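Here are the chains, one letter per residue:
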Amino acid sequence: MAKKGIREYDAKRLINNALPEYSGGRFHTDDRLVLVTPKTDLDQLLQENPWLNETKLVVKPDQLFGKRGKNNLLLVNATLPEVRAWIEERMNKEVAIVQTTGETTGVLTHFLIEPFVPHEEEYYLAFTSNADADIIHFSLRGGVDIEEVWDSVVTIEVPILTDPASVDVTSHLPEMHEKETVAAFISALYQVYCEYYFAYLEFNPIAFHGGTLVPLDTVAKLDDTAAFQCAGKWGKIEFPKAFGSISTPEEAYIAALDEKTGASLKLTLLNPEGRVWNLVAGGGASVIYADTVVDLGYGEDLANYGEYSGNPTTEQTYEYTKTILDLMTRQPDPQGRPKFLLIGGGIANFTDVAKTFTGIIKALEDYKEKLHENNVKIYVRRGGPNYKEGLENMRRLGERIGIPLQVFGPETHMTRIVSLALEEGK
Amino acid sequence: MKDYELFSRETKAFIYGAQTAAVQRMLDFDYMCRKDEPSVVAMITPERGGFEKLFWGTKEVRIPRITSIAQASAQFPKADVMVNFASQRSAYEVTVEALNTDTIRTIAVIAEGIPERMERKLGALGKKLGKWIIGPATVGGVKAGAFKIGNAAGTMENIRMAKLYRPGSVGFVSVSGGLSNEAYNIIARNTDGLNEGIAIGGDAFPGSSLFDHLLRYEANPAIKLLVCLGELGGTAEYEIADAVKDGRIKKPLVIWVTGTCAKVLPGQVQFGHAGAKADSESETADAKNRALREVGAIVPNSFDDYHLRIKETYEKLVGEGVIVPAEDFEPPSIPIDYKQAVAEGLVRKPTNFISTICDESGEVHNYCGVPIDEVIEKKYGIGGVIGLLWFKKDIPVYARQFMEMVLQIIADHGPAVSGAHNTIVAARAGKDLISSLVSGLLTIGPRFGGAVNGAAEHFRYGLRNNLDPREFVATMKGKNVRVQGIGHKLHTVENPDKRVEILKDFAKTHFAKTELLDYALSVEAVTTQKKNNLILNVDGCIGVLLVDLLHELNFSDTEIDEMIKEGLFNALFVLGRSIGLMGHYFDQKRLAQPLYRHPLDDILYDVPERPEKVG
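Residues numbered from 1 in each chain as written. Chains lettered and ligands numbered in written order. Predicted model: local features only at pLDDT ≥ 70, side-chain atom pairs only at ≥ 80, totals over all residues. Heavy atoms only, no water.

**Observations concerning unusual backbone geometry**
The omega torsion across Asn204 of chain A and Pro205 of chain A is 10 degrees, close enough to zero to call that bond cis. Position of Pro205 of chain A relative to the elements: it lies in strand 11 (residues 198-209). Omega for the bond connecting Gly135 of chain B with Pro136 of chain B falls within 30 degrees of zero, at 0 degrees, which places this linkage in the cis form. With respect to the element layout, Pro136 of chain B can be found in the loop between strand 7 (132-134) and strand 8 (141-143). Its identity as a non-glycine residue notwithstanding, Cys368 of chain B has a phi of 50 degrees, on the positive side. (Helix = DSSP H or I, 4+ residues; strand = E, 2+ residues; numbered from the N terminus.)

Following this line, the structure appears as structure tokens:
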């Protein structure tokens, strides 16, 4: 969805490719960098990159989290054997990292190795965007928590319709060593930021060494909707998941189904022991159903978040429903209380409601016994093309399988079934 | 039109893209609103011009297709709205062009997934030029009783149910288009109806904001009650709160920001919309709802009492005399589309065509019920396909092989025979493949390629009338008919035709019975007594074996008669020989042969001095 984090390795690779072009050949970043994954053959890597043996190195995990120094996940000025040992010790190991957003646990799988660059000055440089402008942030005080020294940051606001090549950087920079060079570098990098559809780009720190700026720690996000416009520029690019986001097999299964089709199928498991399960059509409606459960004070009972939309086939809604029913009926509530399945949705634009219900009905029939065992009550609310037939089919299903099932159409407020269920669940 | 109005009953619009269904829906809406003429003046479709035939009620009207925005603008300078259905790949360029077209004031951009940098540029450019952009990534919106953007508001049944064919007093704006029907439904059930509804689209940088539209509604005296549905992420709702606070928004505003569940979801769950993600505490739904409540906007406790707050507020305004409930009328009905009526089982009609050999209307194209992929995977071959498409039978492997042997044998017979000759002459006359091929094929008939057919007929006649071979030969002679399929220029009893030997062996090995072949061989035994080259030739052998094969495939005598009559044997010859004829065509073209002219000394000129004079 638009802004997506990429690996530091990829960010540096893109900058490396683009910078000479946008600086008229004046600036080149170091193209010596390698990514080590669990599949990497280190001996082969060394053969292809002899420089690994010829220079001192820096190594760090490359998995979309920052504050690697503070988390003791950074090795600098090391030899290759030291780097190898360091990686081997950590590869595929679970670690807990502390970031500003809290502690996250995840498995280390990707490491970036670069040459160690001895330097004196460490600056801060970032590019961000809002609706009206891009903003270039620069500070002479890099390599520290920038929030703490925010007063030292100068900002250059570039209105969105400005030609990126025409931005005057020099006059905004503080008095500093090699000011013109730094300004020219920033100007070229800003053009790369625009032309390569970066949505966020931060260097903390960026060093000055050998007559040019040298990006050390890089955090980058691309606008993934520009994949078509940037196919040639980006090459093969990966958008890794956030560090520590581990999905359950069921979530992974739905994600795989989702990827295979033009329809949208989403599932996030919140609390497998929760008693309120949502099976809701439409992105907007699904948020509102989950909201209402929370707003009415039953957040802890909310078992899942998810939605199906974009005209999924009967087979897809069947699989989606089965996955939810399977999770829902693994064991009855320990206190013997009923569970609630909310088959909700707003008024569809053009989707045939009766048709999309076919797969859901089939799955409910398959789970008839388990629904009984788990004391499940079902509430249905939907509108749109052919909704009367869809609701009637649902009502008949309830009678057929002997499960308490109530149906409502557009005459009933969309979230009324939430309060009905929750009132009953008290 | 006033500044605060984007659409009226008189609005004329362009639709960019070949979105016939959407245009039809707009026309149906116009018709339902009892307007005098369609709101869509033209479709802009760079790929072709012409026109599109659409319905206006039960009548058909022509909507022109124009190939450029500039041309459309010149032709219809009064059209000031463009609904841009261009895809993600070209939506930006098309929108920029429309923004720079003087006559166009409002552009709805439907495409999803336009890069944010492009969206931001569109937003800035729109503001600079004083134009309105609705979207991107939106279904659009509707001005009740006046104008509908593309597919907004769903089906005609929805529009009727939500009373969108006439204006009410409520101005509605939301992020999500998916929920707009739900919202129109809520408004219809709890107030005198919608006046205008806009979905700004779910991206992070929409071309116009919730706030922009609320300000328009505030300025519009026909709108008395503002209703809004916001979303977590971004800070647009704070602009609204500020305006409520400082009195730029005075009309009662019922607003709810969705996404309050985000606090119980793990970290970075991204909802459906690109913009729906809180990057800080202030962007959460709870914070925004709180801020709005504090400044006096009417904020429900949850979506569950959103409609109650709307109803309450509406009734209060009626009580105060601010709103005089809009009058209702019975809108004209829109005839149901034939396709939909079929889907719903409401109409039927007899078909004009029937096919019993194949069906391409399903997911996989099939030959007589066998999916095409299975035909290939299971190696049906040309013989198997002939079985499916000609005989409607899944024929055994030996039968397929036999068909293919026949095709190979008859594929060509040199350049001198009439078919090949004609093809060559046509090719040399500069004609194309099809003409040259057909020129050759047209010679196939009773004399050329007809021996197969003739032999089958003759021997069948003898066998079915129980004529013993001598009797048969005598009868034919008596009728002065040469037995077809007997006799060869070179081959003799002592020097048999290899092709015939192969066919006979194959049939003897694989066929259960070879009744007609046996009969033909007994006739051959008689004729070769007269002359040793009066053998069963290759045409005769194919003819009789095909008849035997058809018996093997469970065809009755009557069915076989029918097939022979309808040209089955010619069909095999046409199919096989086409290979050779096309070979001759390519050969001539490769060799760049000039126009053929028959040598004069090869023609006997025997023309009378003068024609016989008659009458």
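**Let's talk about the interface of chain A and chain B**
Each partner contributes to the interface: chain A provides 50 residues, whereas chain B provides 53 residues. Sorting the residues of chain A by area buried against chain B places Ile347, Phe350 and His413 of chain A first, and these three jointly supply 15% of that buried surface. At the boundary of chain A with chain B, the tally comes to four salt bridges. Put simply, Asp134 of chain A and Arg120 of chain B hold a salt bridge, and the shortest N to O gap is 2.5 Å. When the residues that make up the side of chain A that touches chain B are grouped by side-chain class, the tally is 28 nonpolar, 14 polar and eight charged. (Contact = heavy atoms within 4.5 Å. Buried area = accessible area lost by both parts, 1.4 Å probe. Salt bridge = Lys/Arg side-chain N within 4 Å of Asp/Glu carboxyl O. Nonpolar A, V, L, I, M, F, W, Y, C, P; charged D, E, K, R; others polar.)

**Brief notes about helix 18 (residues 469-478) of chain B**
Residue and element names in this part refer to chain B. Three or more residues of helix 18 are buried, namely Pro469, Phe472, Val473 and Met476. Taken down its axis, helix 18 places every buried residue within 95 degrees of arc, on the same side. Of the exposed residues in helix 18, those oriented more than 90 degrees away from the buried face are Arg470 and Gly478. Buried residues along helix 18 sit against helix 17 (451-464) and helix 20 (515-530). (Buried < 20%, exposed > 50% of the residue type's maximum accessible area, 1.4 Å probe, protein only. Arc of directions from axis to C-beta.)

**As for a nonpolar patch on the surface**
Residue and element names in this part refer to chain B. Among the surface-exposed residues, Ile336, Tyr338, Val342, Leu346 and Val347 lie close enough to one another that they form a single nonpolar patch of about 450 Å² accessible area. Position of Val347 relative to the elements: it lies in the loop between helix 11 (338-343) and strand 14 (358-359). Here Val347 falls in the partly exposed class, since its relative accessible area comes to 39%. (Patch = residues over 30% accessible without salt bridge, like charges linked within 9 Å, V, L, I, M, F, W, Y side chains within 5 Å. Areas by Shrake-Rupley, 256 points an atom, 1.4 Å probe, with all protein chains shown as cover.)

**Some words on the domain arrangement of chain A**
All names here are of chain A. Under the domain assignment, chain A is made up of domain 1 (3-30 + 119-234), domain 2 (34-115) and domain 3 (249-424). Look at where the C-alpha atoms of domain 1 and domain 2 centre, and you get two points 24 Å apart. With ten residues of domain 1 at the contact, the number on the domain 2 side is 13 residues. Broken down residue by residue, the surface that domain 1 buries against domain 2 is led by Arg7, Glu8 and Tyr9, which jointly contribute 55%. (Domains from an automatic or database assignment.)

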